[in-house]
Amino acid sequence: MAEAASSGADAASDPLILHIIVVGFHHTRGSEVEFCYPKLKYGEVDDKPVVPPEWQNVTALALPDGAHLAEEDAVYFMLPDLDHTTKQLAAVACYRQIEAAELEEKSGDVKRRIVQKSVCVLSRQPLFGLIQHHLQLATHAYFREKNFTKTQILVEVYNHLNHTLHPSPSSSLTLSPQACISAKKLVLRFGRKVGECCS
């Protein structure tokens, strides 16, 4: 029991998953971060999280050009680790779209027929396939709410991933081959940066 408590404390103090983020598309401002958990330390403007300069491209990467052509998809990319300047964070983003008419709750900013959102997870380790598996399920559930202010499910996903993926001191994290992206695909996608991401 004491070991389990210690593992939980380690996960809380040094989480594998740093943030879960929602990126939306505004009809005049373009892609922007609408939600982040845990909250970023840079405050908010108009109820939107302020993103650090090093992560300014997260919106374009999480909700890329042409995203509207697919009902749903996922992308992988990397961002600088602000706590360790020589390392990178691995990001997995799952994006979907929904007819605005289907939303039970929508803000006055919704002007288009289709609403697009991307749910993105930032991780200290490149567990791309495993995170994508969980994140796609969570994104489907988030959209089924038909109310994007209901973010509790995203908080639960963040906590679940950190609890599930944080190994205890007496065990190691083991993953099935189906859960992870192949080494070949990883090298083809990120090239030399794979070493930075995995270190």
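Parameters and conventions
- Residues numbered from 1 in each chain as written.
- Predicted model: local features only at pLDDT ≥ 70, side-chain atom pairs only at ≥ 80, totals over all residues.
- Heavy atoms only, no water.
- Helix = DSSP H or I, 4+ residues; strand = E, 2+ residues; numbered from the N terminus.
- Buried < 20%, exposed > 50% of the residue type's maximum accessible area, 1.4 Å probe, protein only.
- Core = buried A, V, L, I, M, F, W, Y, C linked by side-chain atoms within 4.5 Å.
- Contact = heavy atoms within 4.5 Å.
- Phe/Tyr/Trp six-rings, centres within 6.5 Å; stacked < 30°, edge-to-face > 60°.

### Describing unusual backbone geometry
Only a minority of non-glycine residues have a phi that is not negative, and only a minority of peptide bonds are not trans.
Here is step 1 of the chain: Note the cis peptide between Tyr37 and Pro38, where omega equals -10°.
Here is step 2 of the chain: By secondary structure assignment, the location of Pro38 is in the loop between strand S2 (30–37) and strand S3 (44–45).
Here is step 3 of the chain: Phi is positive for Lys146, which is not a glycine, with a value near 55°.
Here is step 4 of the chain: Mapping Lys146 onto the fold places it in the loop between helix H3 (128–144) and helix H4 (152–165).
Here is step 5 of the chain: Relative accessible area serves as the criterion here: at 29%, Lys146 is assigned to the partly exposed category.

### Here we look at the nonpolar core
Here is step 1 of the chain: Within the largest apolar cluster, 31 residues are counted, with the highest numbers of intra-cluster contacts made by Ile20 and Leu165.
Here is step 2 of the chain: Those elements that provide at least two residues to this core are strand S1 (17–26), strand S5 (72–80), strand S6 (88–99), strand S7 (114–123), H3 and H4.
Here is step 3 of the chain: When residues of this core are assigned to their parent elements, the largest contribution, 7 residues, is made by H3.
Here is step 4 of the chain: Among residues more than four places away in sequence, those in contact with Ile20 are Phe35, Cys36, Tyr37, Val119, Cys120, Val121, Leu135, Leu154, Val157 and Tyr158.
Here is step 5 of the chain: Core analysis: the second largest hydrophobic core is formed by 20 residues, Val33, Val58, Ala62 and Cys120 among them.

### Considerations on the packing of aromatic side chains
Here is step 1 of the chain: Under the definition given, this model contains 5 aromatic pairs.
Here is step 2 of the chain: Seen in terms of ring centroids, Tyr142 and Phe143 are 6.3 Å apart; in terms of plane orientation they differ by 85°. Their pairing is edge-to-face. Considered together, Tyr142 and Phe143 belong to a single accessibility category, that of buried residues.
Here is step 3 of the chain: Among the aromatic residues, those joined into a ring-pair cluster are Tyr142, Phe143 and Phe148.

### A look at the environment of Leu18
Here is step 1 of the chain: Note on placement: Leu18 falls in strand S1.
Here is step 2 of the chain: Among the residues examined, Leu18 registers a relative accessible area of 11% and is labelled buried.
Here is step 3 of the chain: Taking the C-alpha atoms as reference, Leu18 lies 7.7 Å from Pro38; in sequence the two are 20 residues apart.
Here is step 4 of the chain: Sequence-distant contacts of Leu18, that is, excluding residues within four places in its chain, are made with Tyr37, Pro38, Leu89, Leu122, Arg124 and Tyr158.

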